Amino acid sequence: MSSVWIGSGIVAFTVSRDKLSTVNVWQVTTSTDFELGPFPDAPGYETAAKLDEEDSLAKYRERFVVHDPTLIYLDGNSLGRQPREAREIVDQVMSPEWSERLIGSWNDRWWDLQLDLGDLLAPLVGARPGEVVVSDSTSVNLYKLAGAAVRARPDRTRIITDDLNFPTDVYVLDGLARSHGLELTVVPSDQTFGPVEEILEEIDDRTALVSLSHTAYMSGYTYDMGLINAAAHDAGALTLWDLSHSAGAVPVDLEGTRTDLATGCTYKYLNGGPGSPAFLYVRESHQRSLENPIAAWWGHTSPFDMSLEFEPTDGIRRFHTGTMPILSLAAVEPGIRLALDAGIEAIRRKSVLLTSYFIEQWERHLARLGFELASPADPDRRGSHVSLRHDDGWRVTRALIEIAGVVPDFRSPDTVRFGFAPLYTSFSEIHTAVQRLERLVEQGMHETIDASRTKVT
Ligand SMILES: Cc1ncc(COP(=O)(O)O)c(C=O)c1O
């Protein structure tokens, strides 16, 4: 048995001959006299209390596990909280599905689970039944969809993206471009706003695919999908959107915006759990003509005939690859149901109020302490997280976690990201978090923090 201290949280690794188990306990430091609040005398307290009182989604918080109510979790845009129902669903897979029904569960439920969950998720992104499947990771889905798109435009030589896109998206597109002898154009931005005009100028009759994140992971900038789709289609190109930072927080209308292809993860605002499978969307009218570049047995027309010749099946199943991790897959369901139950429009209304309230608090308390707003001020162009740049952003992030009991995340080189998950974040939490941050930086407490980076930031 060995244990490693990370700030005030202890991570204990217990190693025995046949098992490695890890226990990670978040603890808010009590050894310092750092004040955790609430702070009723600080400006904005009453506004937060009133907004909480009027919040029709407040009741959803109790549907999640809240292990420590003093810990303010503002990282649901990285890993959502655990829905209470998740344990029940996983327990059901463990028993009776796995323990008693054994392989029979494939025919009972597991074989179609990816499609059933896709149909369940579809309305959250404005898709129709049969257009969405829960499958693989976002990175793998990007490869499958972008690969299918460039194969469908064999005479074209360009893929267009921007530098707000998540690195994995750019790596996948770059790899595909290299292997197909194409050119990848990464349109530069000012790091906050999407370079819309520049992208529109780049799209031409050599363009096979335009691929962007709907809501940018760093700044939270949110694109007008319809505008980009229309320009791409006018030029004969296809579009592929990464919805990871939108799904479950920002309404998306894949049908209405005439999107061709999309993918996104389920572990952020959809609360599917660590490493939960992603989803992919292929517009119904493309499903016959597009070819999955990973020809694999789950996409075969009759996989159990065991033919060595690949015959792609029809419909969205064509974008399957292989056997899915059923425990993780099953755990995606409660988060989707919670979002459907709350309604994406109500979620969005609260999200706009949360991010707007945070920005108001930033202006009042944090701007003078070296925090610069790195997200759009216009809510129509903003997702559900807000980023602040600070010269000492890494140490501020660690100090927030280790001393102040507030969990944001850090994106290199200097950005602290604050995610607001409308199903469980309250306005009072934002008020308290900003007060803790203001006091922490005013007292220079972040300067006492070891500047070395953890593996996950
Ligand atoms: C916008 C975006 N795309 C893709 C990914 C990576 O997806 P995955 O690791 O599931 O392949 C992330 C991860 O946070 C992301 O934020």
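No experiment lies behind these values; they were computed from the predicted model shown.

### Observations regarding the sheet that holds strand β5 (residues 132–134)
If you trace the seven strands from one edge of the open sheet to the other, you get β5-β11-β10-β9-β8-β6-β7, paired in mixed fashion. Each having just a single partner strand, β5 and β7 (183–187) make up the two edges of the open sheet. Across the sheet, the mean angle separating the axes of adjacent strands is 15° when strand polarity is ignored. Bridging between β5 and strand β11 (residues 279–282) involves three bridges; their strand directions are antiparallel. Residue Val134 lies in a different strand from β11, and its bridge partner there is Phe279.

### Thoughts on the packing of aromatic side chains
Within the structure shown, the criterion is met by 14 aromatic pairs. Both rings, one in Phe166 and one in Tyr217, keep their centres 5.0 Å apart while their planes meet at 80°; by these two values the pair is edge-to-face. Of this pair, Phe166 sits in the loop between β6 (158–162) and α6 (167–180) while Tyr217 sits in the loop between β8 (207–213) and α8 (225–234), and the two are 51 residues apart along the sequence. Judged by its relative accessible area of 13%, Tyr217 is buried. Ring-pair connections join several aromatic residues into one group, and the members of that group are Trp106, Trp110, Trp111, Trp297, Trp298 and Phe304.

### Focus on the pattern of salt bridges
Applying the stated rule across the entire model yields 27 salt bridges. In this structure, Arg158 engages Asp204 in a salt bridge whose closest nitrogen and oxygen atoms are separated by 3.0 Å. Within this pair, whereas Arg158 is found in strand β6, its partner Asp204 is found in the loop between α7 (196–202) and β8, the two being separated by 46 residues in sequence. Overall, Arg158 belongs to the buried group, its relative accessible area being 3%. Residues Arg411 and Asp409 are paired through a salt bridge, measuring 3.6 Å at the closest nitrogen-oxygen approach. Salt bridges sharing common partners tie together Arg158, Glu183, Glu202, Asp204 and Arg206.

### Description of the domain arrangement of the protein
Domain annotation for the protein reports domain 1 (1–29), domain 2 (32–63 + 343–448) and domain 3 (87–341). Just the C-alpha atoms count here: the centres of domain 2 and domain 3 sit 31 Å apart. With 26 residues of domain 2 in contact, the opposing surface of domain 3 contributes 25 residues. Among the residues domain 2 hides against domain 3, the three largest losses belong to Ile344, Arg381 and His385. Together they make up 27% of the total.

### Remarks on the nonpolar core
Counting residues in each nonpolar core, the largest one holds 62 residues, and the members touching the most others are Val125, Ile199, Leu243, Leu254 and Phe279. If we ignore the near neighbours within four places in the chain, the residues touching Ile199 are Ile160, Asp162, Val187, Val210, Leu212, Tyr223 and Ile228. Leu354, Leu373, Leu400 and Ile430 belong to the second-largest nonpolar core, a separate cluster that totals 34 residues.

### Quick notes on the site of the ligand
Close to the ligand lie Ser137, Thr138, Ser139, Phe166, Thr168, Asp169, Asp242, Ser244, His245, Tyr267 and Lys268. One of the side-chain nitrogen or oxygen atoms of Asp242 is found 2.6 Å away from a nitrogen atom of the ligand. Between the ligand and Lys268 there is a distance of 2.8 Å, counted from an oxygen atom to a side-chain nitrogen or oxygen. Contact with the protein chains covers 82% of the free accessible surface of the ligand, which is 400 Å². Contributions of two or more residues to the shell around the ligand are made by α5 (138–152) and α6. Residues belonging to the shell around the ligand are distributed by class as follows: two nonpolar, six polar and three charged.

### With respect to the side chain of Ser387
Inspection of the secondary structure puts Ser387 in strand β13 (residues 385–389). A polar side-chain atom of Ser387 sits 2.4 Å from the main-chain carbonyl oxygen of Met218. Those residues in contact with Ser387 that sit more than four places away from it in its chain are Met218, Ser219, Glu372, Leu373, Ala374, Ser375, Thr415, Val416 and Arg417.

### Examining the pairing of strand β10 (residues 261–264)
Judged by which residues are buried, β10 turns out to be covered on both faces: Leu261 and Thr263 on one side and Ala262 and Gly264 on the other are all buried. When strand β9 (residues 238–242) meets β10, the two strands line up parallel, connected through three bridges. Considered in β10, the bridge of Leu240 is made with Leu261. As paired elements, β10 and β11 share four bridges and run antiparallel to each other. For Thr263, the partnering residue across the bridge sits in β11 and is Leu280.

### Points about the sheet that holds strand β16 (residues 415–419)
An order of β12-β13-β16-β15 is seen for the four strands of this open sheet, with the pairing classed as antiparallel. In the strand order of this sheet, the two ends are held by β12 (372–373) and β15 (409–411), each with one partner. Examined bridge by bridge, β12 and β13 share two bridges and lie antiparallel to one another. Counted as the bridge partner of Leu373 is Leu388 from β13. The sheet strands contacting helix α12 (residues 393–404) are β15 and β16, and the helix crosses β15 at an angle near 170°.

Reading guide: rules and limits
Residues numbered from 1 in each chain as written. Predicted model: local features only at pLDDT ≥ 70, side-chain atom pairs only at ≥ 80, totals over all residues. Heavy atoms only, no water. Pairing = 2+ DSSP bridges. Helix = DSSP H or I, 4+ residues; strand = E, 2+ residues; numbered from the N terminus. Axes fitted to C-alpha atoms, helices over the stretch in contact; angles between N-to-C directions. Phe/Tyr/Trp six-rings, centres within 6.5 Å; stacked < 30°, edge-to-face > 60°. Buried < 20%, exposed > 50% of the residue type's maximum accessible area, 1.4 Å probe, protein only. Salt bridge = Lys/Arg side-chain N within 4 Å of Asp/Glu carboxyl O. Domains from an automatic or database assignment. Contact = heavy atoms within 4.5 Å. Buried area = accessible area lost by both parts, 1.4 Å probe. Core = buried A, V, L, I, M, F, W, Y, C linked by side-chain atoms within 4.5 Å. Near = heavy atom within 4 Å. Polar contact = N/O pair within 3.5 Å; in protein donor to acceptor, adjacent residues only side chain to side chain. Areas by Shrake-Rupley, 256 points an atom, 1.4 Å probe, with all protein chains shown as cover. Nonpolar A, V, L, I, M, F, W, Y, C, P; charged D, E, K, R; others polar.

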